[in-house]
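# Per-entry structural report
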Amino acid sequence: MQTSYYKEYSESLQRDMEFKVYGQGGKPCIVFPCQNGRFFDFESFQMTDIAAPWIEEGKLQLFCVDCVDLESWSDTNGDPRHRSEMQERYFNYIVDELVPRIHQINGSGLKLMATGCSMGATHSGIVALRRPDIFDSCICMSGFYHAGYFFGGYMDDLVYNNSPVDFIANMPADHPYIGMYNNNRFIFCVGQGAWEDELLDSTRRLQNVFQQKGIHCWVDIWGPDVNHDWPWWKKQFPYFLDKLL
């Protein structure tokens with residue numbers, strides 16, 4: 001499998017950001033790490049090996065990125081406005097800086113997929129639901145989709161923008177994004193086993209909002225044996241890749 005490593009400066013974040021590319025072409029897919037994780041975690045947990053059949057056939061190209069969770073979602077004792085600003089700056093880095101760079105490297109002109117597990121699923125859901133014009137597919141495994149879990153009762157414009165349960169609930173019925181969602185292929189998966197309780201609740205809240213708005217994203221709730229852990233994500237990821245690719 002061909003791989004390439006990049007370390008490039010981000011104007012939005014005012015720092016160097018690292019990412020690694022797996023494959024030579026096909027569907028470009030951003031992979032977000034788990035909470036406080038790194039760009040190399042997907043490889044370390046053998047998820048790139050699991051995706052190898054699609055990568056080596058030229059159907060998929062993974063772009064595994066870094067995060068700034070320690071300064072945003074995870075900094076629960078920090079100033080909430082600074083935390084929300086850091087998340088928004090990270091979002092801007094992804095859509096305004098990294099996405100154009102991915103198109104340069106990938107060269108296919110295809111819209112992007114986003115994926116990740118746990119907090120990586122949260123980031124994937126945020127970018128896909130905020131920018132369905134850029135992302136036409138996502139595989140979100142065991143994510144939170146309501147910012148209140150991390151910000152408590154604090155809410156500002158940026159927390160709201162990064163809380164899909166909130167901003168979709170207030171979306172007008174004639175909003176053009178609803179049609180885009182229904183034309184895209186967005187998948188939100190969660191289990192019902194150990195360490196999944198709060199994520200299951202968040203996913204169901206998102207599902208209820210989708211139903212209220214007539215949005216037909218695929219919410220797939222797996223069984224009570226399905227835990228919040230890599231062995232299950234290793235089963236879910238190829239299952240959904242096979243559906244999308």
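Treat the numbers as computed from the prediction; the structure is a model and nothing was measured. (Residues numbered from 1 in each chain as written. Predicted model: local features only at pLDDT ≥ 70, side-chain atom pairs only at ≥ 80, totals over all residues. Heavy atoms only, no water.)

## Overview of helix H10 (residues 197-213)
The line we're drawing: By the criteria applied, helices consist of DSSP H or I runs no shorter than four residues and strands consist of E runs no shorter than two, each listed in order from the N terminus. The length a helix should cover is 1.5 Å for every residue beyond the first. The rule is simple: take the accessible area with a 1.4 Å probe, protein chains only, and divide by the maximum for that residue type; under 20% is buried, over 50% is exposed, in between is partly exposed. We call two residues contacting when some pair of their heavy atoms lies within 4.5 Å.
Taking 1.5 Å per residue as the helical rise, H10 with its 17 residues ought to reach 24 Å, and the 25 Å between its terminal C-alpha atoms agrees with that figure. Those residues of H10 that fall on the buried side of the exposure criterion are Leu 199, Leu 200, Ser 202, Thr 203, Leu 206, Val 209 and Phe 210. Residues of H10 that are buried in the fold lie against helix H5 (119-130), helix H8 (164-169), strand E7 (185-190) and strand E8 (218-221). At the exit of H10 stands Gly 214, carrying a positive phi of roughly 70°.

## Side note on the sheet that holds strand E2 (residues 15-22)
Filter applied, for reference: Strand pairing follows a simple DSSP-based rule, namely that at least 2 bridges must link the two strands. Think of each axis as a best-fit line through the C-alpha atoms, taken over the contacting stretch in the case of a helix, with angles from 0 to 180 degrees between the N-to-C directions.
With mixed pairing, eight strands are arranged side by side in an open sheet as E1-E2-E4-E3-E5-E6-E7-E8. On the outer flanks of this sheet lie strand E1 (3-10) and E8, each paired with one strand and no other. The mean angle between the axes of side-by-side strands here comes to 20°, regardless of whether they run parallel or antiparallel. Both E1 and E2 contribute to a ladder of eight bridges, which runs antiparallel. Bridge assignment links Ser 10 to a residue of E2, and that residue is Arg 15.

## Some details on empty space enclosed by the protein
For clarity, the threshold we go by: A pocket here means an open set of points on a 1 Å grid, computed over the protein atoms alone, that has protein on both sides within 12 Å along at least five of seven lines. A cavity is instead a set of points where a 1.4 Å probe fits but cannot get out; residues with an atom within 4 Å of a point line either one. Grid points are joined across faces, edges and corners, and a volume is the space filled by probe spheres set on the points. The classification used treats Ala, Val, Leu, Ile, Met, Phe, Trp, Tyr, Cys and Pro as nonpolar, Asp, Glu, Lys and Arg as charged, and all other residues, Gly among them, as polar.
According to the stated counting rule, one finds three cavities of 30 Å³ or more in the structure shown. Looking at the largest cavity, its volume works out to about 60 Å³. Lining the largest cavity are Val 31, Phe 32, Pro 33, Cys 34, Arg 38, Phe 39, Asp 41, Phe 42, Cys 64, Cys 117 and Trp 230. Counting only elements with at least two residues in the lining of the largest cavity, the list comes to strand E3 (27-32) and helix H1 (41-44). For the lining of the largest cavity, the class distribution of residues is nine nonpolar, no polar and two charged.

## A look at the pairing of strand E5 (residues 112-117)
In the case of a regular strand, side chains alternate between the two sheet surfaces. Among the six residues that make up E5, six are buried, leaving the element largely enclosed by the rest of the structure. Here E3 runs beside E5; their pairing, made up of four bridges, is parallel. Across the sheet, the residue bridging to Val 31 is Thr 115, located in E5. Both E5 and strand E6 (residues 135-141) contribute to a ladder of six bridges, which runs parallel. Bridge pairing links Met 113 to Ser 137 in E6.

## Considerations on the state of the cysteines
Defined as follows: We call a pair of cysteine sulfur atoms a disulfide when they lie within 2.5 Å.
What the rule picks out here adds up to zero disulfides. Residue Cys 34 stays outside any disulfide, its sulfur separated by 5.2 Å from that of Cys 117, the closest cysteine. Residue Cys 34 is classed as buried on the basis of its relative accessible area, which comes to 17%. Cys 67 forms no disulfide, and the closest cysteine sulfur to it belongs to Cys 34, at a distance of 9.5 Å.

## Structural notes on the packing of aromatic side chains
Quick reminder of the rule: Two rings from Phe, Tyr or Trp (for Trp, the six-membered ring) form a pair when their centres are within 6.5 Å of each other. A pair whose planes differ by under 30 degrees is stacked, one over 60 is edge-to-face, and the rest are tilted. Charge over a ring is defined by NZ of Lys or CZ of Arg lying within 6 Å of the ring centre and within 35 degrees of the ring normal.
Scanning the entire structure with this criterion turns up 24 aromatic pairs. Both rings, one in Tyr 5 and one in Phe 39, keep their centres 5.7 Å apart while their planes meet at 40°; by these two values the pair is tilted. Here Tyr 5 is found in strand E1, whereas its partner Phe 39 is found in the loop between E3 and H1, with 34 residues between them in sequence. Residue classification places Tyr 5 among the partly exposed residues on the basis of a relative accessible area of 44%. Note on Tyr 145 and Phe 188: the rings are 5.3 Å apart at their centroids and 90° apart in plane angle, and the pair reads as edge-to-face. One end of the pair, Tyr 145, is in the loop between E6 and helix H6 (148-151); the other, Phe 188, is in strand E7, with 43 residues separating them in the sequence. Exposure class is identical for Tyr 145 and Phe 188. Each is buried. Aromatic rings pair up to connect Trp 73, Phe 144, Tyr 149, Phe 150, Phe 151 and Tyr 154 into one cluster. One Lys or Arg, Arg 130, reaches over the ring of Phe 91 and ends 3.7 Å from the middle of that ring. The residue whose ring lies beneath Lys 235 is Trp 232, and the NZ or CZ to ring-centre distance is 5.7 Å.

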